[in-house]
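# Residue-level structural notes
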Amino acid sequence: MSDLSQRLAGLSPEKLQLLAQRLHKKKENVFSQSQIVRQSRESNLFPLSFAQQRLWFLDQLQPGNSAYNISQPMRLVGCLNVAALEQSFHEVVRRHEVLRTTFTVVDGQPLQVIAPSLSFKLPVVDLQELSQKQRETDVLRLASEEAREPFDLTKGPLFRVTLLQLAAAEYVLLLTMHHIVADGWAIGVLIHEIATLYEAFSVGKPSLRDATRTPLSELSIQYADFAVWQRQWLQGERLETQLAYWQKQLGGKLPVLELTSNRLQCLRRTSLRDAPRTLTPIQTFSGAREALVLPKTLSETLKALNQRQGITLFMILLAAFQTLLHCYTDQEDIVVGTDIANRNQAETKELIGFFVNQLVLRTDLSGNPTFVELLERVREMTLEAYAHQDLPFDKLVDVLNPKRELNRTPLFQVKIVLENTQTPSLQLPGLSITSLKVENKTVQFDLLLELNETEQGLFGVWEYNTNLFDRGSIVRLSNNFATLLNKIATHPETKLSELKIILNELDKKHNFAREEAYENTIQQKLTNVKRRTSR
């Protein structure tokens, strides 16, 4: 393996993007793009970023849709300084204009409206008088209701914080934000700043606005400055270069992943009498989640394959995921989406805001290649996509102008994401803080696999539309994905047709066992009836 391949194998997808820029000899890489300049604040009206524009448009189609709410409930045990926590949130709101932003329409164009100030008050709901059982029931109910409560984009703030007090030293913090003002990275920024500010305020330090008295320096730019820069920078030759690639890659009739194929219909049924589920005329956002755990031994074996092939873990997972979809749809042209952080300038890494961009990954699985041969295709395609990551997804949809269907998301309906950086957990002095598990019943896609790489292995979550799948079918799909990964980790030369046979055999065994269990149940019921009638 060449030295370049060895270095490539150790890169995360984010770092791989930078390498892709250099490999394709772009005139400007992501760290040498024109500097983002702070705009004049003579007016409080600013254009939307491309990502914000997409969510604003979706909100116009379906006002009050909570599918784009980001919810972070946390349990806090210990001595909490409520005043310091409230003051910390107030300071974060002062620092980040996006948390004081609403949206309006002027001359037919949506615009950001930045409020000069916003007085933050932390509402406290006292549940101490309730029994322990009733408290826990109310906590889950309130957390679920809070996560589903829609935002009005014309009215601020577009985030909510509520503190539930369960006992003298036990609380639950409910944090909800609309995706139009935040993304996963932004949640990490928020948690870091709250922790830093709370530690200072809780011991009575003075105002932290003086950068010499706090680790939090004043921000050089705000999210609105990025939105203006993005629209100014992505013009002319830069825009044409990006568009040329994506029009070639995604031009013509883009395939739609047929999740209603016969094999998936069979997979969906959980009992012999269940009817196949079908697509609804209008896209629904009703969903559920199912955990996926891949042991460290498998993760290490996959990493060894990385090293041998000179690729990243994400490329292997993507190829395996697309192979799984190929096996269940019989389609050879598979299109899925993924996320890219899109924080290419150092100053954007400190901002709360909606930066994340979506990439469309289209892979040709024709010709019955071995998995290793498929990896080569995926590597080439992924590198090209990363090299042209600067085109906002919303702009791509506008240019390609695919046929809009109310029951499908444009360009892709299935998504895979590998998180290489963990969102930091909130740590406050004198407090033990844990995440509160609350069922989220909304999803944005037909199927999403979100994976996290940890020291213990790969942990993930399947998010699925319950109008298409039930839990039993997703559990089987998840088990088959794990089987697929184990096979390709040790036998990467296996052809796709052979992998498909393996999954077919697993499904046949499962169906046989299910039918046998069903027949046994019917037989037992008949026996019970005979016993009762013979008495």
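The structure contained in this document is the topic of the report that follows. The structure displayed is predicted, hence computed values, not measured ones. (Residues numbered from 1 in each chain as written. Predicted model: local features only at pLDDT ≥ 70, side-chain atom pairs only at ≥ 80, totals over all residues. Heavy atoms only, no water.)

## Brief notes about helix α13 (residues 393-400)
Each α-helix turn comprises 3.6 residues. Residues three or four places apart therefore point the same way. Convention followed: Accessibility here uses a 1.4 Å probe with only protein chains present; expressed as a share of the type maximum, an area under 20% marks a residue as buried, one over 50% as exposed, and anything in between as partly exposed. Secondary structure elements are taken from DSSP: a helix is a run of H or I of four residues or more, a strand is a run of E of two residues or more, and numbering for both begins at the N terminus. Here, the arc refers to the directions that run from the helix axis to the C-beta atoms. By definition, residues are in contact when any of their heavy atoms lie within 4.5 Å.
Of the residues making up α13, those classed as buried are Phe393, Asp394, Leu396 and Val397. Each buried residue of α13 lies within a common arc of 160 degrees when the element is viewed along its axis, so the set occupies one face. Its buried side turned inward, α13 meets α3 (50-61), α8 (236-250) and β10 (357-364). Once α13 ends, the next one or two residues include Asn401, with phi positive near 50 degrees.

## Notes on the packing of helix α10 (residues 296-309) against helix α14 (residues 471-490)
For clarity, the cut-off: Each axis is a line fitted through C-alpha atoms, taken for helices only over the stretch in contact, and angles between the N-to-C directions span 0 to 180 degrees. Between 65 and 115 degrees an angle is taken as roughly perpendicular, under 35 as roughly parallel, over 145 as roughly antiparallel, and anywhere else as oblique. By convention the crossing between two helices is left-handed if the near helix lies anticlockwise of the far one by an angle smaller than a right angle, and right-handed if it lies clockwise.
Two numbers describe how α10 lies on α14: the axes approach to 9 Å, and their chain directions differ by 45 degrees. Relative to α14, the element α10 is oriented oblique. Crossing hand, α10 versus α14: left-handed. Each of Leu298, Thr301, Leu302, Leu305 and Arg308 in α10 lies in contact with α14, whose residues at this interface are Leu485, Asn486, Ile488, Ala489 and Thr490.

## A word on the packing of α8 against α13
As a reminder, the rule being used: Here the nonpolar group is Ala, Val, Leu, Ile, Met, Phe, Trp, Tyr, Cys and Pro; Asp, Glu, Lys and Arg are the charged ones; every other residue, Gly included, is treated as polar.
Running from amino to carboxyl end, α8 crosses α13 at an angle of 65 degrees, the nearest separation of the two axes being 11 Å. Relative to α13, α8 is oriented so that their crossing is right-handed. Contacts between α8 and α13 involve Leu239, Leu243, Trp246, Gln247 and Leu250 from the first element and Lys395, Leu396, Val399 and Leu400 from the second. The residue inventory of the contact of α8 with α13, partitioned by class, reads 7 nonpolar, 1 polar and 1 charged.

## Considerations on unusual backbone geometry
A cis amide bond, omega -5 degrees, links Gly156 with the succeeding residue Pro157. Following the sequence through the fold, Pro157 ends up in the loop between α5 (132-148) and β6 (159-167). Of note in this structure, Asp330 is not a glycine but carries a positive phi near 65 degrees. Mapping Asp330 onto the fold places it in the loop between α11 (313-329) and β9 (333-340). The phi dihedral of Leu411 falls on the positive side, at around 75 degrees, and the residue is not glycine. Note on placement: Leu411 falls in the loop between α13 and β11 (414-419). Owing to a relative accessible area of 7%, Leu411 belongs among the buried residues under this scheme.

## Description of the packing of aromatic side chains
In plain terms, the rule: Two rings belonging to Phe, Tyr or Trp (six-membered ring only in the last case) form a pair when the distance between their centres is within 6.5 Å. Interplanar angles under 30 degrees mark stacking, angles over 60 mark edge-to-face geometry, and anything in between is tilted.
Within the structure shown, the criterion is met by 13 aromatic pairs. Between the aromatic rings of Tyr223 and Phe226, the centroid separation amounts to 5.7 Å while the plane-to-plane angle is 45 degrees, which identifies the pairing as tilted. Of the two residues, Tyr223 and Phe226 both sit in helix α7 (residues 223-233), 3 residues apart, roughly one turn of that helix. You'll find Tyr223 and Phe226 in the same group, each marked buried.

## Structural notes on the pattern of salt bridges
Operational definition: We define a salt bridge as a side-chain nitrogen of Lys or Arg found within 4 Å of a carboxyl oxygen belonging to Asp or Glu.
Counting across every chain of the model gives 22 salt bridges. Notably, a salt bridge pairs Arg38 with Asp225, separated by 3.9 Å at the nearest N-O pair. Placement of Arg38 in the loop between α2 (13-23) and β1 (45-47) and of Asp225 in helix α7 is noted, with a sequence separation of 187 residues between them. A residue is classified by how much of its surface remains accessible, and Asp225, at 0% relative accessible area, is buried. With a closest N to O distance of 3.1 Å, Glu453 and Lys303 form a salt bridge. Within this pair, whereas Glu453 is found in strand β13 (residues 447-454), its partner Lys303 is found in helix α10, the two being separated by 150 residues in sequence.

## Focus: the sheet that holds strand β2 (residues 69-78)
Worth spelling out the cut-off: Paired strands, in this sense, are two strands between which DSSP finds at least two bridges.
Strand order in the open sheet formed by 5 strands is β5-β6-β7-β2-β12, and the pairing between neighbours is mixed. If you trace the sheet from one side to the other, it starts and ends with β5 (124-126) and β12 (431-435), each paired once. Ignoring which end each strand starts from, the neighbouring axes of this sheet average 25 degrees apart. Of the strands in this sheet, β2, β6 and β7 (170-178) touch α5, which is tilted by about 15 degrees from β7.

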